[in-house]
Amino acid sequence: MSRQDPDVIDSVEKAFRVLEAFSADHPTLTVSEAADLTGLSRATARRILLTCVRLGFAEVDDRRFRLLPRVLRLGYGYLASLPIWERAQPHMRRLAEEVRESCSAATLDGEEIVYVARVPAKRSMSIVLNVGSRLPAHPTSMGRVLLAALPPDRLRDRLGEMRLDRLTPHTITDPDALAAELAKVRDQGYAVVDGEREEGVRSAAAPVRDGSGAVIAAINVSANAGRVSVAELHERFVPLVVQAADAISRDIDFVPST
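Since this is a predicted model, take the numbers as computed values, not measurements.

Basis of the calculations
- Residues numbered from 1 in each chain as written.
- Predicted model: local features only at pLDDT ≥ 70, side-chain atom pairs only at ≥ 80, totals over all residues.
- Heavy atoms only, no water.
- Helix = DSSP H or I, 4+ residues; strand = E, 2+ residues; numbered from the N terminus.
- Rg over C-alpha atoms; globule rule 2.2 N^0.38 Å.
- Buried < 20%, exposed > 50% of the residue type's maximum accessible area, 1.4 Å probe, protein only.
- Contact = heavy atoms within 4.5 Å.
- Core = buried A, V, L, I, M, F, W, Y, C linked by side-chain atoms within 4.5 Å.
- Pairing = 2+ DSSP bridges.
- Axes fitted to C-alpha atoms, helices over the stretch in contact; angles between N-to-C directions.
- Patch = residues over 30% accessible without salt bridge, like charges linked within 9 Å, V, L, I, M, F, W, Y side chains within 5 Å.
- Areas by Shrake-Rupley, 256 points an atom, 1.4 Å probe, with all protein chains shown as cover.
- Salt bridge = Lys/Arg side-chain N within 4 Å of Asp/Glu carboxyl O.
- Lys, Arg positive; Asp, Glu negative; His and termini not counted.
- Charge placed at Lys NZ, Arg CZ, Asp CG, Glu CD.
- Polar contact = N/O pair within 3.5 Å; in protein donor to acceptor, adjacent residues only side chain to side chain.
- Phe/Tyr/Trp six-rings, centres within 6.5 Å; stacked < 30°, edge-to-face > 60°.
- Lys NZ or Arg CZ within 6 Å of the ring centre and 35° of its normal.

### Concerning the overall build of the protein chain
Here comes step 1: Looking only at helices and strands, one finds nine helices and nine strands in the protein chain.
Here comes step 2: In terms of overall size, the protein chain behaves like a compact globule, its C-alpha atoms giving a radius of gyration of 20 Å where 258 residues would be expected to give roughly 18 Å.
Here comes step 3: Across its three principal directions, the C-alpha atoms of the protein chain cover 60 × 40 × 40 Å.
Here comes step 4: When the 258 residues of the protein chain are sorted by exposure, 43% land in the buried category.
Here comes step 5: Nonlocal contacts in the protein chain, meaning residues at least 24 apart in sequence, comprise 56% of its contacts between residues at least 6 apart.

### Considering the nonpolar core
Here comes step 1: Formed by 30 residues in total, the largest nonpolar core has its most connected members in Met92, Leu95 and Ile219.
Here comes step 2: Of all the elements in the fold, those that place two or more residues in this core are α5 (84-99), β4 (102-109), β5 (112-119), β8 (201-209), β9 (215-224) and α9 (230-251).
Here comes step 3: Aside from chain neighbours lying at most four places away, what touches Met92 is Cys103, Ser104, Ala105, Ala117, Arg118, Val119 and Ile248.
Here comes step 4: Formed by 22 residues, the second largest nonpolar core is a distinct cluster that contains Ile113, Leu164, Leu178 and Ala218.

### Focus on the sheet that holds strand β1 (residues 28-29)
Here comes step 1: Here three strands make up an open sheet; going across it, the order is β1-β3-β2 and the pairing antiparallel. Strands at the two margins of the open sheet, each flanked by one partner only, are β1 and β2 (58-61).
Here comes step 2: Across four bridges, β2 lies against strand β3 (residues 64-67) in antiparallel orientation. In the sheet register, Asp61 faces β3, and the bridge partner there is Arg64.
Here comes step 3: Across the sheet, helix α3 (residues 42-55) lies against β2 and β3, angled at about 110 degrees from β2, the strand it touches most.

### Quick look at a negative patch on the surface
Here comes step 1: A cluster of acidic side chains, namely Glu111, Asp153, Asp157 and Glu161, defines a negative patch on the protein surface.
Here comes step 2: By the secondary structure assignment, Asp153 is in helix α7 (residues 152-161).
Here comes step 3: Look at Asp153 and you get partly exposed, because its relative accessible area is 41%.

### Digging into the sheet that holds β9
Here comes step 1: Sheet architecture is open: six strands sit in the order β6-β5-β4-β9-β8-β7, paired in antiparallel fashion. If you trace the sheet from one side to the other, it starts and ends with β6 (134-136) and β7 (191-194), each paired once. Between one strand axis and the next, the sheet turns through 30 degrees on average, direction left out of account.
Here comes step 2: Across four bridges, the pairing between β7 and β8 is antiparallel. Within β8, the residue paired with Ala191 across the bridge is Ala205.

### A short note on the side chain of Ser104
Here comes step 1: Along the chain, the position of Ser104 falls in strand β4.
Here comes step 2: Within the structure, Ser104 has its side chain in polar contact with the side chain of Arg118 (distance 2.5 Å).
Here comes step 3: Setting aside chain neighbours within four positions, we find Ser104 in contact with Met92, Tyr115, Ala117, Arg118, Met142, Ala218, Ile219 and Asn220.

### A closer look at the pairing of β3
Here comes step 1: Where β1 lies against β3, two bridges are found, and the strand directions are antiparallel. Paired with Leu29 across the bridge in β3 is Phe65.

### Overview of the pattern of salt bridges
Pairs can form between side chains of opposite charge whenever their charged atoms are close.
Here comes step 1: Overall, the coordinates contain eleven salt bridges when judged by the stated rule.
Here comes step 2: Between Arg134 and Glu112 there is a salt bridge, and its shortest N-O distance comes to 2.9 Å. With Arg134 in strand β6 and Glu112 in strand β5, this pair connects stretches of sequence that are 22 residues apart.
Here comes step 3: Across the pair Glu196 and Arg144 runs a salt bridge, and its minimum N-O distance is 2.4 Å.

### A word on the packing of aromatic side chains
Here comes step 1: Under the definition given, this model contains zero aromatic pairs.
Here comes step 2: In this structure, Arg70 packs its charged tip against the face of Phe57, placed 5.6 Å from the ring centre.

### Here we look at the environment of Leu178
Here comes step 1: Here Leu178 shows up in helix α8 (residues 175-188).
Here comes step 2: In the structure, Leu178 is positioned 40 residues away from His138 in sequence and 7.7 Å away in space, judged by C-alpha atoms.
Here comes step 3: Excluding its chain neighbours within four sequence positions, the residues that come into contact with Leu178 are His138, Arg144, Leu159, Leu164 and Ile172.

Okay, here's the thing in structure tokens:
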């Protein structure tokens, strides 16, 4: 990267690639595994991992490296820089209590959404999600709200690059069909997804906007299909989700047009 852009520090880019290699599927890594996952040489991966250990971001035990809580400072810096989540939480709690289902907020990161706030339902669901959890954007209601808000040229490029994996028999995997669905989401101002990320789970999402009117996040409610019908999702949940998203937007100085 530094050869293409003189303002990019190659070693920093490689270090972040190694940090991002840790995941739920790879909670610990050897030097060889880190090298394989990142495409770096073993020598480079080893130096980066040992640097992370020296800085307190990781530890090593029997040649396996794992991240330490200090790495959360990186993510907290992002959340702390966006105090809107403090204002969003009361609205999300009220929404979750009213529908008696979980309420979440997420932002877009490439092909994925990242959960930045969550109010779980008192009842359990099959999906266990927390702040920092990631899901593919294309089969999720919040992902569709966020994708639909992209400028047309960026959305076209994004759809051309995305992996549209079929996660259930209902998942939209055709780029043209997804583009049509996103146009619908953009026009109506909300998204509804029925069993595309996980069978038996339905959700509705709406956009949260900043002071300029730009979409900066999405909130949603998710429910088990056995408890909430598609009709109820549209007739009861959607208006409440849109209302909560608009309330959050107003709290950060954006008033939606009527």
